[in-house]
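Structural characterization, general
Next come the chains, spelled out residue by residue.
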Amino acid sequence: MSVGHYENFPVGSLLLPRRMRRAVHAIYHFARYADDVADEGDADAAARLAELDRLAADLARIEAGEAPQIELMRPLAAAIAAHGLPFQPFHDLLSAFRQDVVKTRYQTFAELVDYCRRSANPVGRLMLALYGVDDVRCLAQSDGICTALQLINFWQDVAVDWQKGRVYLPQEDLARFRLDEAQIAAGHCDGAWRSMMLYQVERARKMLQAGAPLGRILQGRLGLELRLIILGGERILKKLHASGGDVFKQRPQLNSGDWIYMMWRACRAR
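Scope of this entry: the structure provided in the associated data block. (Residues numbered from 1 in each chain as written. Predicted model: local features only at pLDDT ≥ 70, side-chain atom pairs only at ≥ 80, totals over all residues. Heavy atoms only, no water.)

The next thing to look at is the overall build of the protein. Along its length, the protein carries 14 helices and zero strands. In the protein, the succession of helices and strands from N to C terminus is α-α-α-α-α-α-α-α-α-α-α-α-α-α. The globule rule puts the C-alpha radius of gyration for 270 residues at 18 Å, and the 19 Å found for the protein is close to it. In terms of overall dimensions, the protein has a C-alpha envelope of 55 × 50 × 30 Å along the principal axes. Taken over 270 residues, the protein has a buried fraction of 52%. Sequence separation of at least 24 residues holds for 68% of the intrachain contacts in the protein that already meet a minimum separation of 6. Total accessible area on the protein stands at roughly 12,600 Å², and carbon and sulfur atoms take up 53% of it. Taking the 35 positively charged and 32 negatively charged side chains of the protein as two groups, their mean positions are separated by 9 Å. (Helix = DSSP H or I, 4+ residues; strand = E, 2+ residues; numbered from the N terminus. Rg over C-alpha atoms; globule rule 2.2 N^0.38 Å. Buried < 20%, exposed > 50% of the residue type's maximum accessible area, 1.4 Å probe, protein only. Contact = heavy atoms within 4.5 Å. Areas by Shrake-Rupley, 256 points an atom, 1.4 Å probe, with all protein chains shown as cover. Lys, Arg positive; Asp, Glu negative; His and termini not counted. Charge placed at Lys NZ, Arg CZ, Asp CG, Glu CD.)

The structure is reproduced here in structure tokens:
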């Protein structure tokens, strides 16, 4: 299953044990729906926030041991109960989605990383929780991987996000490289743009590499799945670098050759 904004994360793939797929599907549907509430359609900000509040209220009911009222939340409640999943990652996701409704620019890289902490890292932490992994080092490495993947997704989608009225490139970096949003609007890739994008690519690469040892630490299917995810991020970064950060002509994506290479590397590295 493709996850849209979460396309770099596993969602009930055949690599996951059957006993976990239902829970992963429930997490996916919750995150996908809430993300769509924040991003898609023609609803105004007040309506979007009201629907996210409705989801938050149902999450609070589940946390209090009560039955949820929204159909979408019932499989999630079952997954939380069956696997003892923590509630904070779900609250963090809703916090990030609310922010998406009201915030369309990020002044600093630190602001962007804080957003990733709530929009991406919870997914990794929930996957680890499903496998009963709660080691502090593993959680930190997972956070690094998830933040890197979210950043990679932002770099891929500069042109796509512009059409939605959003810019995730830090404003301080645009100013540092003497760029402005008019360049995004024009889809113009010059030397300054390439320098700025390669700077962002290197940032994401360092984060991904810092968390990459987790792919070897974790055993079995989870380790294989994670190695594939990391390799997928690396391949996209390579394509971004090769294009000089020109995401206006074509959004970098994985092809069949990439998947064959990734599977070979992931199996070889176990």
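Here the focus is the pattern of salt bridges. A complete count under the given rule lists 20 salt bridges for this structure. The shortest N-O distance in the salt bridge between Arg 125 and Asp 143 comes to 2.8 Å. In this pair, Arg 125 is assigned in helix H6 (residues 121–130) and Asp 143 in helix H7 (residues 136–156), connecting sequence segments 18 residues apart. Among the residues examined, Arg 125 registers a relative accessible area of 33% and is labelled partly exposed. Under the relative-accessibility criterion, Asp 143 is labelled buried at 16%. One network of salt bridges, with partners in common, ties together Arg 32, Asp 35 and Asp 36. (Salt bridge = Lys/Arg side-chain N within 4 Å of Asp/Glu carboxyl O.)

Counted according to the given criterion, the structure contains nine aromatic pairs. With a centroid separation of 5.6 Å and an interplanar angle of 80°, the aromatic rings of Phe 30 and Phe 90 are classed as edge-to-face. Separated by 60 residues along the polypeptide, Phe 30 in helix H1 (residues 18–39) and Phe 90 in helix H4 (residues 88–102) bring together distant segments of the chain. Taken as a pair, Phe 30 and Phe 90 share a single burial class, namely buried. Linked through ring pairs, Tyr 106, Tyr 115, Phe 154 and Tyr 168 together constitute an aromatic cluster. Directly above the aromatic system of Tyr 106 lies the positively charged group of Lys 103, at a separation of 5.0 Å from the ring centroid. A cation over an aromatic ring shows up here: Arg 176 above the ring of Tyr 199, its NZ or CZ 4.6 Å from the ring centre. (Phe/Tyr/Trp six-rings, centres within 6.5 Å; stacked < 30°, edge-to-face > 60°. Lys NZ or Arg CZ within 6 Å of the ring centre and 35° of its normal.)

This paragraph deals with the nonpolar core. Leu 151, Phe 154, Trp 155, Leu 169, Trp 193, Met 196 and Leu 208 are the most contacted members of the largest nonpolar core, which totals 42 residues. Breaking this core down by element, the ones donating at least two residues are helix H5 (109–119), H7, helix H11 (191–211) and helix H13 (220–242). Broken down by element, the residue count for this core peaks at nine residues, all from H7. Leave out the neighbours within four places in its chain, and Leu 151 touches Phe 109, Leu 112, Cys 116, Ala 204 and Met 207. (Core = buried A, V, L, I, M, F, W, Y, C linked by side-chain atoms within 4.5 Å.)

Now for the state of the cysteines. Note on terminology: disulfide describes a covalent bond linking the sulfur atoms of two cysteines. Here the structure, examined in full by the defined rule, presents zero disulfides. Free cysteine: Cys 138, not disulfide-bonded; nearest cysteine sulfur from Cys 146 at 13 Å. Judged by relative accessible area, Cys 138 falls into the buried class, the value being 6%. (Disulfide = S-S within 2.5 Å.)

As a packed pair, H13 and helix H14 (residues 256–268) sit with axes 9 Å apart at the nearest point and diverge in direction by 135°. By the angle between their axes, H13 is oblique relative to H14. Crossing of H13 over H14 shows right-handed handedness. Of the residues in H14, those in contact with Leu 224, Arg 227, Leu 228, Leu 231, Gly 232, Arg 235 and Lys 239 of H13 are Asp 258, Tyr 261, Met 262, Met 263, Arg 265, Ala 266 and Cys 267. (Axes fitted to C-alpha atoms, helices over the stretch in contact; angles between N-to-C directions. Parallel < 35°, antiparallel > 145°, perpendicular 65-115°, else oblique. Left-handed = near helix turned anticlockwise from the far one by under 90°.)

Residue placement: Asp 35 occurs in helix H1. A sequence separation of 110 residues divides Asp 35 from Ile 145, and the C-alpha atoms of the two residues are 20 Å apart.

Time to look at H6. The buried fraction of H6 is high, at nine of ten residues. All of the buried residues in H6 are Asn 121, Pro 122, Val 123, Gly 124, Leu 126, Met 127, Leu 128, Ala 129 and Leu 130. Following H6 by one or two positions, Gly 132 adopts a phi angle in the positive range, close to 75°.

Glancing now at H1. With 22 residues, H1 should cover 32 Å at 1.5 Å per step; its first-to-last C-alpha distance of 31 Å lies within 8% of that length. Of the residues one or two after H1, Gly 41 is the one with positive phi, at around 80°. (Expected span 1.5 Å × (residues − 1).)

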